[in-house]
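Structural description and commentary
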Amino acid sequence: MLVLVAVLLLATVIGLWWRARNGRYTAVDPLLVAGAPSTQADDTRLSAAELGSPLGARATFVQFSSEVCTPCRRTAAVLHQLVSEHDDLSHVEMDVVAHLDLVRRFSIMRTPTTLLLDARGVVVGRLSGATDRRHALSALEACPGGVAAS
């Protein structure tokens, strides 16, 4: 009986930890962002050519998704709605299977993972797991030149 209670307690703690991490924004070190070269493609930036879409004037959400990922569809809907409300934002969805080079380059370990790029295409942060409107707005506010919540 004691073992069963311990296993249930451990599973609950892991579940709560996992839930708390979903959609949470993680910023890139500002010193790395400030020192990012403006013309060189590297691990800190993505160009419009690599994305196949123009960058947003203020920020771009680059969402890495897979076909069978239900949270990916919900995240895409949230980001699409946000982009429709702000003309200076952009959202690009990338299939992880079709873009393995970028998956490796940016160490994408799960879907959805969304990279937040500034206007220059520099990766300023990432959202891992299902993202809701609150998390996306928090990420934008933390982004250099942030966006006011709406």
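What counts and what doesn't
Residues numbered from 1 in each chain as written. Predicted model: local features only at pLDDT ≥ 70, side-chain atom pairs only at ≥ 80, totals over all residues. Heavy atoms only, no water. Helix = DSSP H or I, 4+ residues; strand = E, 2+ residues; numbered from the N terminus. Buried < 20%, exposed > 50% of the residue type's maximum accessible area, 1.4 Å probe, protein only. Contact = heavy atoms within 4.5 Å. Areas by Shrake-Rupley, 256 points an atom, 1.4 Å probe, with all protein chains shown as cover. Polar contact = N/O pair within 3.5 Å; in protein donor to acceptor, adjacent residues only side chain to side chain. Salt bridge = Lys/Arg side-chain N within 4 Å of Asp/Glu carboxyl O. Disulfide = S-S within 2.5 Å. pLDDT = per-residue confidence, 0-100. Pairing = 2+ DSSP bridges. Right-handed = clockwise from strand over helix to strand, strands pointing away. Patch = residues over 30% accessible without salt bridge, like charges linked within 9 Å, V, L, I, M, F, W, Y side chains within 5 Å.

Bringing the overall build of the protein chain into the picture now. The helix and strand inventory of the protein chain stands at six helices and five strands. Every one of the 150 residues in the protein chain was classed for burial, and the buried ones make up 39%. Sequence separation of at least 24 residues holds for 70% of the intrachain contacts in the protein chain that already meet a minimum separation of 6. Accessible area for the protein chain stands at about 8500 Å²; split by element, carbon and sulfur atoms hold 63% of it.

Let us now look at helix H6 (residues 133-142). The α-helix advances 3.6 residues per turn, and as a result positions three or four apart in sequence lie on the same side. For H6, the complete set of buried residues consists of His135, Ala136, Leu137, Ala139 and Leu140. Structurally, the start of H6 carries an N-cap: the backbone nitrogen of Arg134 is 3.3 Å from a side-chain oxygen of Asp132.

Our focus in this paragraph is the pattern of salt bridges. Inspection of the entire model under this criterion finds five salt bridges. Between Glu50 and Arg105 there is a salt bridge; the shortest N-O distance is 2.6 Å. Of this pair, Glu50 sits in helix H3 (residues 48-51) while Arg105 sits in helix H5 (residues 100-105), placing them 55 residues apart in sequence. Taking the shortest distance from any N to any O, the salt bridge between Glu85 and Arg133 comes out at 2.7 Å. One end of the pair, Glu85, is in helix H4 (residues 70-85); the other, Arg133, is in helix H6, and 48 residues separate them in sequence. Exposure remark for Glu85: the relative accessible area of 38% places this residue in the partly exposed category.

Below, the discussion takes up the state of the cysteines. Enumeration over the complete set of coordinates arrives at one disulfide. Between the sulfur of Cys69 and that of Cys72 lies a disulfide, 2.2 Å long from S to S. With the S-S dihedral at roughly 85 degrees, the linkage between Cys69 and Cys72 falls on the right-handed side. Across the pair, Cys72 and Cys69 agree in class, each one buried.

If pLDDT is low for a region, its predicted coordinates should not be looked at in detail. Of the residues in the protein chain, 78% reach a pLDDT of 70 or more, and the chain-wide mean stands at 83. Predicted confidence is poor over residues 31-41, with pLDDT under 50, and the contacts of this stretch with residues over four places away or in other chains come to 13 contacts.

Note that strand E2 (residues 59-65) and strand E3 (residues 89-95) share seven bridges and pair parallel. Paired with Gln63 across the two strands is Glu93, which belongs to E3. With respect to chirality, the unit in which E2 leads through H4 into the neighbouring parallel E3 is right-handed.

On to a nonpolar patch on the surface, then. Judged by side-chain polarity, Met1, Leu4, Val5 and Leu8 come together as a nonpolar surface patch covering roughly 460 Å² of accessible area. Counting through the fold element by element, Leu4 comes out in helix H1 (residues 2-21).

Moving on: the environment of His91. Looking at the secondary structure, you find His91 in strand E3. For the pair His91 and Gln81, spaced 10 residues apart in sequence, the C-alpha separation works out to 9.8 Å. When neighbours within four sequence positions are excluded, His91 is seen to be in contact with Phe61, Gln63, Ala76, Leu79, His80 and Val83. At 3.0 Å, the side chain of His91 forms a polar contact with the side chain of Gln63.

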